[in-house]
Amino acid sequence: MAVFLDDTTGQRASESAIYSIYILCYNGANNGENGVKNMDNQKLAELLFPNITSTPEDIEARYPRRELSEGAKVTRIAPSPTGFMHLGNLYGALVDERLAHQSGGVFYLRIEDTDKKREVEGGVKMIIDTFHSFGLSFDEGATLDGETGIYGPYRQSQRAEIYQTYVKSLVQRGLAYPCFCTEAELEAAHKEQEQKKENFGYYGPYAVWRDRPIEDIEAELKKGSPYVVRFRSEGNIENKVRHEDLVKGKMEVTENDQDIVLLKSDGIPTYHFAHVVDDHLMGTSIVVRGEEWLATLPVHLQLFRAMGWKAPKYAHTAQLMKLDPETGGKRKLSKRKDPELALSYYYKEGYSVPAVMEYLMTLLNSNFEEWRRANPDAPMNDFPFSTKKMSASGALFDIDKLNDVSKNVISHMTAEAVYDAVTKWSADNDPEFHALFTRNPEITKGYLAIGRGSKKPRKDLALWSDTKPYMDFMFDELFMPDYTMPERVSSEDAKAILAAFKPQFDENDSPDCFFEKIKGIAEQTGFASDTKAYKEHPEQYKGPVGDVSMVIRIAVAGRQNAPDLQSVMKLMGREKVQARLERCMAAL
Ligand code: GLU
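So, here is what we can say about the structure in this document.

1. A look at empty space enclosed by the protein
Think of a ball as big as a water molecule: rolled over the atoms, this probe shows where empty space is left. All told, the structure shown has two cavities of 30 Å³ or more when counted by the stated rule. As for the largest cavity, its lining consists of 16 residues, and the residues nearest its centre are Lys-37, Asn-41, Leu-44, Arg-212 and Arg-232. Among the elements of the structure, α2 (35-48), β6 (176-179) and α8 (214-223) are those that each provide at least two residues to the lining of the largest cavity. With four residues, α2 is the largest single contributor of residues to the lining of the largest cavity. Of the residues that constitute the lining of the largest cavity, the class distribution is seven nonpolar, three polar and six charged. Estimated volume of the second largest cavity: approximately 80 Å³. Lining the second largest cavity, in full, are Lys-407, Ile-410, Ser-411, Leu-448, Ile-450, Gly-451, Arg-452, Arg-458, Lys-459, Asp-460, Leu-461 and Tyr-470. Looking at side-chain class alone, the lining of the second largest cavity contains five nonpolar, two polar and five charged residues.

See the structure below:
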């Protein structure tokens, strides 16, 4: 029969008698049996941790309860400094940041640097710089040259004494023990389990060091044999634990029966134990992490209960998926196949930070896009983010969608902001263009301002790198004209149009005055000055007035697509426009 445990209090929903036994176990497994065992536990704890003199109470005293207003959430990110920052890191961090800052809480950075093999030099700096570059700021935690906040150390490598103090107390309570199994022995057990079609792991009869007499342990210690410290699980896989996840909703998970490793042979904790200790002491109220951790959630819930601590709430975020361009099927983003998984990709390609963040928000909350349509100019952080609107099943990453979001975001920026961002980006990524782009800031900004600021702004730029093809014709050095004229316009007509326009051009003309001139040229050269008239009697004209302005656009910009012609010419100035008209006439 299944026995349900509430995941935060450890209270059994039924079978109170069994619950009492359970609590007895957690308060001192084996201790009740006889005093000798109890003495052994004390002795064992001293043997294993002779240098640990602090007690759990000492540690607790160093971590005061956080004084926060009601409802304020404490969240953290806990990346490992492996040198690779991926989109999933940012996706989760945005959830953390919003939950904390929306509620007046605290968002902090803890560095999980317990796995020295995976650590790379400069990994911590990379983490901090990357989050910073995406506009995420931490209220406390690890910094480049140390840390801020009173709940540290925020680097797990500096917390060995804390973990060991708690493990020592678990040993004293009979809830942890050393295990001297070698790799080969563990492998042999694995093989046996495979053969017998049993669950893998260290449990039941396979937990060979669980009840070994203290003499055996002492003998191994004397020999200097390496060992890990394992948790003594009282869990049973027949039992289910109820868990309500902020993203995944209500679920039942199987109780853990494995004697998992708490401390590795170098005295460094496993993720499981460090997570429980740190998130308790640091006062995390919501743990946001990838759904790959759901499998070991029963271990974490069990450890919180054993420690007598309230577990935080959990938000297990769904994996980022994409449609495989080859198979058309959904799959996880892969480090090897998908450059867009790496956060470094976005800056290099020229994505703007707010665009990436807005896109992540569209992935995170299904109602964000609707909100954005209703509030086109509001800062993203005004959006009421909620874990309830997060998809439990998987978020589909779509780069085309990102580009659309990006165009929209950039279209709402000021020309000044675009100028600054492109200046910075091009300095790092396209120095030649940078030199041209910044040569005359007023002209460049003037160009970027065309079609901006209206209700329906132009959406030409998705990436900062799009700025170059968007405005290259403005620079003589990059001007590579294509003088192909519209089909209806012969070279002779084009020449005649340009010849007529050249003496009339005045950059100070009002738009109306400019258009009157174009209409006059249309009449003069056999084109209809009025589009309606052309539509009614196309046989009477060479083409509509639009053909006339197109010829001028092609001469000035060297292509058919360019923003508002008159604004462009005004920015270019008389001399340059005249030169362009002449060059085109000569080429026709
Ligand atoms: N270091 C863990 C990871 O990168 C952190 C998981 C967590 O947030 O608890 O997956």
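Now that the structure is up, let's keep going.
2. Considering the sheet that holds strand β13 (residues 320-323)
Reading across from one edge, β14-β13-β15 is the order of the three strands in this open sheet, with mixed pairing throughout. At either end of the open sheet lies a strand with only one pairing partner, and these are β14 (330-332) and β15 (395-396). The pairing of β13 with β15 spans two bridges and is parallel. Counted as the bridge partner of Leu-320 is Ala-395 from β15.

3. Topic: the sheet that holds strand β10 (residues 261-263)
The sheet built from three strands is open, its strands ordered β6-β7-β10 with antiparallel pairing. Pairing within the sheet leaves two strands with one partner each, and these edge strands are β6 and β10. Each strand of the sheet is rotated relative to its neighbour by a mean of 45°, with strand direction disregarded. Sheet analysis places β6 next to strand β7 (residues 228-231), joined by four bridges and oriented antiparallel. Of the residues in β7, the one forming a bridge with Ala-176 is Phe-231. Taken strand by strand, helix α6 (residues 160-172) contacts β6, β7 and β10, and its axis lies near 125° from that of β10.

4. Brief notes about the state of the cysteines
Inspection of every chain in the model, using the stated rule, returns zero disulfides. With no disulfide partner, Cys-179 has as its closest neighbouring cysteine sulfur the one in Cys-181, 3.8 Å distant.

5. With respect to the packing of aromatic side chains
The description of an aromatic ring pair rests on the distance of the ring centres and on the angle between the ring planes. Tallied over the full model, the rule gives 24 aromatic pairs. With centroids separated by 4.8 Å and ring planes inclined at 40°, the aromatic side chains of Phe-107 and Phe-138 adopt a geometry described as tilted. Of this pair, Phe-107 sits in strand β3 (residues 106-109) while Phe-138 is found in the loop between α5 (123-133) and β4 (140-143), placing the two residues 31 residues apart along the sequence. Taking the relative accessible area as the measure of exposure, Phe-107 reaches 0% and is therefore buried. Their ring planes at 15° and their centres at 5.1 Å tell us that Tyr-419 and Phe-437 sit as a pair that is stacked. Here the residue Tyr-419 occupies a position in helix α15 (residues 415-429), and Phe-437 occupies one in helix α16 (residues 431-437), the gap between them amounting to 18 residues. Each member of the pair, Tyr-419 as well as Phe-437, is classed as buried. An aromatic cluster of three or more residues is present, and its members are Tyr-419, Phe-433, Phe-437 and Phe-475. Over the ring of Tyr-151 we find Arg-66; its NZ or CZ atom is 3.9 Å from the centre of that ring.

6. Notes on the side chain of Ser-406
With respect to the secondary-structure elements, Ser-406 resides in helix α14 (residues 399-411). Discounting residues that sit within four places of it in the chain, Ser-406 has contacts with Tyr-351, Ala-355, Leu-461 and Ala-462.

7. Considerations on the site of the ligand
Arg-76, Ala-78, Ser-80, Glu-112, Tyr-271, Val-288, Arg-289 and Trp-293 make up every residue found near the ligand. A distance of 2.9 Å separates a nitrogen atom of the ligand from a polar side-chain atom of Glu-112. Within the side chain of Trp-293, an N or O atom sits 3.3 Å from an oxygen atom of the ligand. Applying the majority rule of atoms within 2 Å of the grid points places the ligand in the largest pocket.

8. With respect to the nonpolar core
Counting 163 residues, the largest nonpolar core has Phe-273 and Tyr-346 as its most contacted members. The biggest single contributor to this core is helix α22 (residues 545-557), with nine residues. Not counting residues up to four positions away in its chain, the partners in contact with Tyr-346 are Leu-87, Phe-134, Glu-340, Tyr-351, Val-356, Phe-397 and Leu-402.

9. Quick word on the packing of helix α19 (residues 491-504) against α22
Orientation of α19 relative to α22, taken along the N-to-C sense of each, is 80°, at an axis distance of 10 Å. By the angle between their directions, the pair α19 and α22 is classed as roughly perpendicular. Between α19 and α22, the residues in contact are Ala-494, Ile-497, Leu-498 and Phe-501 and Val-548, Val-551, Ile-552 and Ala-555, respectively. Its residues assigned to classes, the contact of α19 with α22 shows eight nonpolar, no polar and no charged.

Analysis parameters
Residues numbered from 1 in each chain as written. Predicted model: local features only at pLDDT ≥ 70, side-chain atom pairs only at ≥ 80, totals over all residues. Heavy atoms only, no water. 1 Å grid on protein atoms, 1.4 Å probe; cavity = no way out; pocket = protein on both sides within 12 Å on 5 of 7 lines; lining within 4 Å. Points joined across faces, edges and corners; volume = space filled by probe spheres on them. Helix = DSSP H or I, 4+ residues; strand = E, 2+ residues; numbered from the N terminus. Nonpolar A, V, L, I, M, F, W, Y, C, P; charged D, E, K, R; others polar. Pairing = 2+ DSSP bridges. Axes fitted to C-alpha atoms, helices over the stretch in contact; angles between N-to-C directions. Contact = heavy atoms within 4.5 Å. Disulfide = S-S within 2.5 Å. Phe/Tyr/Trp six-rings, centres within 6.5 Å; stacked < 30°, edge-to-face > 60°. Buried < 20%, exposed > 50% of the residue type's maximum accessible area, 1.4 Å probe, protein only. Lys NZ or Arg CZ within 6 Å of the ring centre and 35° of its normal. Near = heavy atom within 4 Å. Polar contact = N/O pair within 3.5 Å; in protein donor to acceptor, adjacent residues only side chain to side chain. Sits in = over half its atoms within 2 Å of the grid points. Core = buried A, V, L, I, M, F, W, Y, C linked by side-chain atoms within 4.5 Å. Parallel < 35°, antiparallel > 145°, perpendicular 65-115°, else oblique.

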